[in-house]
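Observations on the model geometry
Each chain, written out:
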Amino acid sequence: LTGKELTQRVVKLSETITMFGFNYTRRGLFDTHKLTVASLLMFRLLQRQGKIDKDEMRMLVMAPVDPNAPPVPDNVRDIVTDMMWSQLRSVENVEAFKKCGSLTSNMESDSLGWKRWYAAEKAEAEDLPRSFRDLSSFHRLMLLRIMRPDRLGSALTEFVHQELGTDYIDQPPFDMEETYAESSNLSPFFFVLFPGSDPTPMIESLAKKLGKTSANGGFVNISMGQGQEDVAITALKTGAEVGNWVYLANIHLMQAWLKDLERCLEIVDETSVPEFRVFLSSEPPSASGVAPEVACMLETIPEPILQKCIKVSDEAPQDLKSNLRRAYSKFSPDLIDECAKPKEFKACLFALCFFHALVLGRRRFGPQGYSRNYPFNDGDLTISGSVLKNYLNAYENVPWPDLRYMFGDIMYGGHITDPWDRRCTNAYLQHLIVPDLLANMNLAPGSSVFKSPDASKLGYAQYQKYIEEKFPGEAPQMFGLHSNAEIGYLTNQGNSIFGAVAKLSGGGGGGGGGGDIGASTAMITNLLATLPLELDMFEIRGRIDGLTPYVIVSLQESERMNVLLAEIKRSLLELELGISGALNVTDMMEALAEDLQTNKVNAGWEKRAYPSLKPLSNWFADLILRVAQLKEWTDALSLLKSLWVAGFFNPMSFLTAVMQVNARATMQPLDFQVVRIFVTNARETKDLPDVPAQGVYIHGFFMEGAGWEEGKGDEEGYITDSKIKDLHPEMPIINAFAILDSEMSWENMYNCPIFVTAVRGATFVLAVNVRMDADDFELRWILAGAAFLLSDDSA
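Residues numbered from 1 in each chain as written. Predicted model: local features only at pLDDT ≥ 70, side-chain atom pairs only at ≥ 80, totals over all residues. Heavy atoms only, no water.

The next subject is the overall build of the protein chain. Secondary structure summary: the protein chain contains 31 helices and 15 strands in total. For 795 residues, the compact-globule estimate of 2.2 N^0.38 gives 28 Å, and the protein chain sits close to it at 30 Å. Along the longest, intermediate and shortest principal axes, the C-alpha atoms of the protein chain span 90 × 85 × 55 Å. When the 795 residues of the protein chain are sorted by exposure, 51% land in the buried category. (Helix = DSSP H or I, 4+ residues; strand = E, 2+ residues; numbered from the N terminus. Rg over C-alpha atoms; globule rule 2.2 N^0.38 Å. Buried < 20%, exposed > 50% of the residue type's maximum accessible area, 1.4 Å probe, protein only.)

Turning our attention to a nonpolar patch on the surface. On the surface, Leu1, Leu6 and Val10 cluster together to form a nonpolar patch covering roughly 320 Å² of accessible area. Here Leu6 shows up in helix H1 (residues 3-26). (Patch = residues over 30% accessible without salt bridge, like charges linked within 9 Å, V, L, I, M, F, W, Y side chains within 5 Å. Areas by Shrake-Rupley, 256 points an atom, 1.4 Å probe, with all protein chains shown as cover. Salt bridge = Lys/Arg side-chain N within 4 Å of Asp/Glu carboxyl O.)

Here the structure, examined in full by the defined rule, presents 40 aromatic pairs. When the centroid spacing of 6.0 Å and the interplanar angle of 20° are considered together, the rings of Trp605 and Trp619 count as stacked. Here Trp619 lies in helix H29 (residues 616-636) and Trp605 lies in helix H28 (residues 603-608), a separation of 14 residues in the sequence. By relative accessible area, which is 0% here, Trp605 ends up buried. Judged by relative accessible area, which is 2%, Trp619 ranks as buried. In this structure an aromatic cluster arises from ring pairing among Tyr328, Phe350, Phe354, Phe450, Tyr460, Tyr463, Tyr466 and Phe471. Its guanidinium or amino end placed over the ring of Tyr610, Arg626 lies 3.5 Å from that ring's centre, counting from NZ or CZ. (Phe/Tyr/Trp six-rings, centres within 6.5 Å; stacked < 30°, edge-to-face > 60°. Lys NZ or Arg CZ within 6 Å of the ring centre and 35° of its normal.)

Read across the open sheet, the five strands follow the order E2-E3-E4-E1-E5; overall the sheet is parallel. Two strands bound the open sheet, and with one partner strand each, they are strand E2 (219-223) and strand E5 (310-312). In this sheet, adjacent strand axes meet at a mean angle of 15° when their direction is disregarded. Here E2 pairs with strand E3 (residues 245-249) via five bridges, running parallel. Within E3, the position partnered with Phe219 by the bridge is Trp245. (Pairing = 2+ DSSP bridges. Axes fitted to C-alpha atoms, helices over the stretch in contact; angles between N-to-C directions.)

As a further point, take the packing of helix H26 (residues 549-580) against helix H30 (residues 651-666). Packing of H26 against H30 brings their axes to within 8 Å, and their N-to-C directions diverge by 160°. Comparing the axis directions of H26 and H30 gives the class roughly antiparallel. The chirality of how H26 crosses H30 is right-handed. Between H26 and H30, the contacting residues are Pro549, Tyr550, Val553 and Glu557 on the first element and Ser653, Phe654, Ala657, Val658, Gln660, Val661 and Arg664 on the second. Residue classes in the contact of H26 with H30 are distributed as seven nonpolar, two polar and two charged. (Parallel < 35°, antiparallel > 145°, perpendicular 65-115°, else oblique. Left-handed = near helix turned anticlockwise from the far one by under 90°. Contact = heavy atoms within 4.5 Å. Nonpolar A, V, L, I, M, F, W, Y, C, P; charged D, E, K, R; others polar.)

With mixed pairing, the four strands of this open sheet are ordered in space as E6-E8-E12-E7. Two strands in the sheet have a free side with no partner beyond their single neighbour: strand E6 (643-644) and strand E7 (673-679). Bridge count between E6 and strand E8 (residues 696-699): two bridges; the pairing is parallel. In the strand pairing of E8, Leu643 is matched with Ile698. In the packing of H30 onto the sheet, contacts are made with E6, E7, E8 and strand E12 (734-740), and the angle to E7 comes to roughly 110°.

Note that Val501 resides in helix H23 (residues 484-504). The sequence separation of Val501 and Pro67 amounts to 434 residues, and the corresponding C-alpha distance is 24 Å.

Quick look at the packing of helix H3 (residues 54-62) against helix H8 (residues 137-147) now. Where H3 meets H8, the closest approach of the two axes is 9 Å, and the angle between their N-to-C directions is 30°. Relative to H8, the element H3 is oriented roughly parallel. Crossing angle aside, the handedness with which H3 passes H8 is left-handed. Facing H3, whose interface residues are Glu56, Met57, Met59, Leu60, Val61 and Met62, H8 presents Phe138, His139, Leu141, Met142 and Arg145. Its residues assigned to classes, the contact of H3 with H8 shows eight nonpolar, one polar and two charged.

Its place among the elements puts Ser452 in the loop between helix H21 (419-432) and helix H22 (460-470). A distance of 2.9 Å separates a polar atom in the side chain of Ser452 from the backbone oxygen of Leu437. (Polar contact = N/O pair within 3.5 Å; in protein donor to acceptor, adjacent residues only side chain to side chain.)

Okay, the confidence of the model for the protein chain next. Chain-level statistics for the protein chain give a pLDDT mean of 91 and a share of 97% at 70 or above. Here residues 287-298 is a poorly scored stretch, pLDDT under 50, and it has 18 contacts once near neighbours within four places are set aside; other chains count. Low pLDDT, under 50, characterises residues 507-514; the stretch is placed with 13 contacts to residues that sit more than four places away or in other chains. (pLDDT = per-residue confidence, 0-100.)

With that out of the way, let us pick up the pairing of E3. Along E3, five of the five residues are buried, which leaves the element largely enclosed by surrounding structure. Here E3 shows a buried face lined by Trp245, Tyr247 and Ala249 and a second buried face lined by Val246 and Leu248. Both E3 and strand E4 (residues 277-282) contribute to a ladder of four bridges, which runs parallel. Paired with Tyr247 across the bridge in E4 is Phe279.

All right, on to the pattern of salt bridges then. Summed over the entire model, instances satisfying the criterion amount to 35 salt bridges. For Lys115, the salt bridge identified is with Asp78, shortest N-O distance 3.5 Å. Residue Lys115 is located in helix H7 (residues 111-119), and its partner Asp78 is located in the loop between H3 and helix H4 (82-91); the two are separated by 37 residues in the primary sequence. A salt bridge links Asp687 to Lys686; the nearest nitrogen and oxygen atoms lie 3.6 Å apart. The class for Lys686 is exposed, based on a relative accessible area of 65%. In this structure, a network of salt bridges that share partners links the residues Glu539, Arg543, Lys631 and Asp635.

Considered as a void within the structure, the second largest pocket measures approximately 990 Å³ in volume. Met19, Phe20, Asn23, Arg26 and Asp167 are, among the 37 residues lining the second largest pocket, the residues nearest its centre. Of all the elements in the fold, those that place two or more residues in the lining of the second largest pocket are H1, helix H2 (31-48), helix H9 (152-164) and helix H10 (176-181). If one sorts the elements of the lining of the second largest pocket by residue count, H1 sits on top with eleven residues. A per-class count over the lining of the second largest pocket returns twelve nonpolar, ten polar and 15 charged. (1 Å grid on protein atoms, 1.4 Å probe; cavity = no way out; pocket = protein on both sides within 12 Å on 5 of 7 lines; lining within 4 Å. Points joined across faces, edges and corners; volume = space filled by probe spheres on them.)

We now examine the nonpolar core. Judged by nonpolar contacts, the single largest core of 138 residues is most densely connected at Trp605, Trp619, Leu623, Phe654 and Phe788. With 14 residues, helix H18 (residues 342-362) is the largest single contributor of residues to this core. The residues touching Trp605, leaving out its near neighbours within four places in the chain, are Leu527, Leu564, Glu567, Ile568, Ser571, Leu572, Leu592, Leu596, Leu616 and Trp619. (Core = buried A, V, L, I, M, F, W, Y, C linked by side-chain atoms within 4.5 Å.)

On to empty space enclosed by the protein, then. Counted according to the given criterion, the structure contains five cavities of 30 Å³ or more. Here the largest cavity is characterised by a volume of approximately 160 Å³. Taken together, 20 residues make up the lining of the largest cavity; nearest its centre are Trp420, Asp421, Cys424, Arg760 and Gly785. Mapped by element, the contributors of at least two residues to the lining of the largest cavity are H21, strand E13 (749-755) and helix H31 (778-783). Sort the elements by how many residues they give to the lining of the largest cavity and H21 lands first, with four residues. Tallied by class, residues from the lining of the largest cavity come to eleven nonpolar, four polar and five charged.

Written as structure tokens, this is what we have:
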């Protein structure tokens, strides 16, 4: 071979080995992780080829902030937050951006061009403003990472396609015969089970083709459960001697026995004949409240078993139409014939299947959909179908309330632990399981394009055809959600990809080994210089005349803040001494140094702090504002004109104090008090009267899942649809006051939950009344996931 031919051959071999390695890995990945792994592989290859710089890669992955960034200019404030501006200030120091001129200056001078690009539906495919039009795809990713993270998934897909080719994006259907060719008697198959994806027919079909059937004893299929342990062990030992195929299904049900299985597989490896094959299947962990990307890393199956297996993760499509099609296929025409009311049964069954598809699909929208990952399954659906048939046979008229209760509170509700998620699930049933179902009503709560068909005219096959031909394109509105929910979902997807890349590549700089803790020195100096002083509790207590509920809250908040400030100062000084060599560097110091370099809040600080999803730079700026409010409050020892209730460790303690004050004033029990709110039309404290007629003024609320239409004059506004891309609009100042529970009116009011962060769940504070328009209805906002948040995590 000539030198040129040798080089070409090496390149070809490298490409082939990379492709085979990726395909082997991809076969066992969840769909949600495939783009992450493809992107990680692409970035590693580009770095190795010298096409991208290590420092630029870190800039993309970490998106660091410039701590000395100037304020955001007014003419771009509607598209750039303070955090985004400080990140853009860091990015403009990259050489490729320097060649185009100052990025932030150009944004200020050509604000219309940047607003046009930012507003584009597919910003990754739109031309940038003229000065930056020649940026490479890699450097465009930096801009998308900061300004349009919802388009990162699409941009990465296209970038991988450009750099590595179509094969790394478009995966061919799973081929059992092709995978079998890679196997041996020493490498079992491990199938991950998903709804609508059963490997049994594929395994049985291939076994039959190779002469292994249940009839001749060559194929042994064991569904694992109590009492099957010895049967499985015997089948494995016998199969290894004679060359049988053994399929052990649902081994996740046998947690205590898996160590015995691990040992048995090691033993039969020594004596098995070449024809012997083992097939295992298991559901992935689906603990309630555990995100899929975390759950998949929990140790359900012992690691040695997984390491020796050929792993197959063949997920069925999870879109709304596929879920509905799969749900309806779980029932047969015979079941319809068994019901005494076939028309009502067909209509209700179809609505039940659509409900099942909705609750499965809603999970992908994160906490706005469901605050926890509930394991709804086909068993819930089929049992509900049987209950439906029995109820219709037993009653002369359709018992609509009973059916809603059985489905929403028992069958599906049995999985649900969060009351607001339960309310949402029941809201779907209140919309679907109603008499109008028999009158061609709209099935999709936020869309009018998918109606309930006439059950008297359609049979089982016609319903299947109706799904295939009449089902509209999927959109958040089909779930009752605003289109912003899709933006939020895509944003989280893009951020999670780079979060995974950062973890797997050692913080984005490549390589492991702990990194250089000295690189955090400048950050330590900056934080210590701006860290507020602890509040002087002795001096504050010395000025107190009486312990009112409000004063008690201020003292509690100040004491908790002092604990946090002391821990931050102690850990930073300790790390400073470790870097200088005065102290031995501990694991905790290394963790803090890494957190400082990756703009992450340290776990030791989080433990003593308040719930927050903000990156370190924003979190620290937020901390300074919280201390400033406490200082102003404790200096005055009286209520401020409006309190930033989101700035408290425990916001509910302050709202409880509001109720306590009213209970004492009216001589009524605290248990009978509730908080009522009135949303003013003022956004600045200077626009407020000095003292509210009752209660207190509070601010710092954001709306998720909806927007707010301000009222005219002194009239209160009302909840309305949010604006596109405005995921968390800030609310005006709110007047919160306490009244007797018996005096509370919910007419034209939405019972709106308040959460500290967008994670929802355990960060719940309380529910309050939010005014709706006169012709509005509460079900709409329940399904939209409308809620108050006490922090905008993106700001």
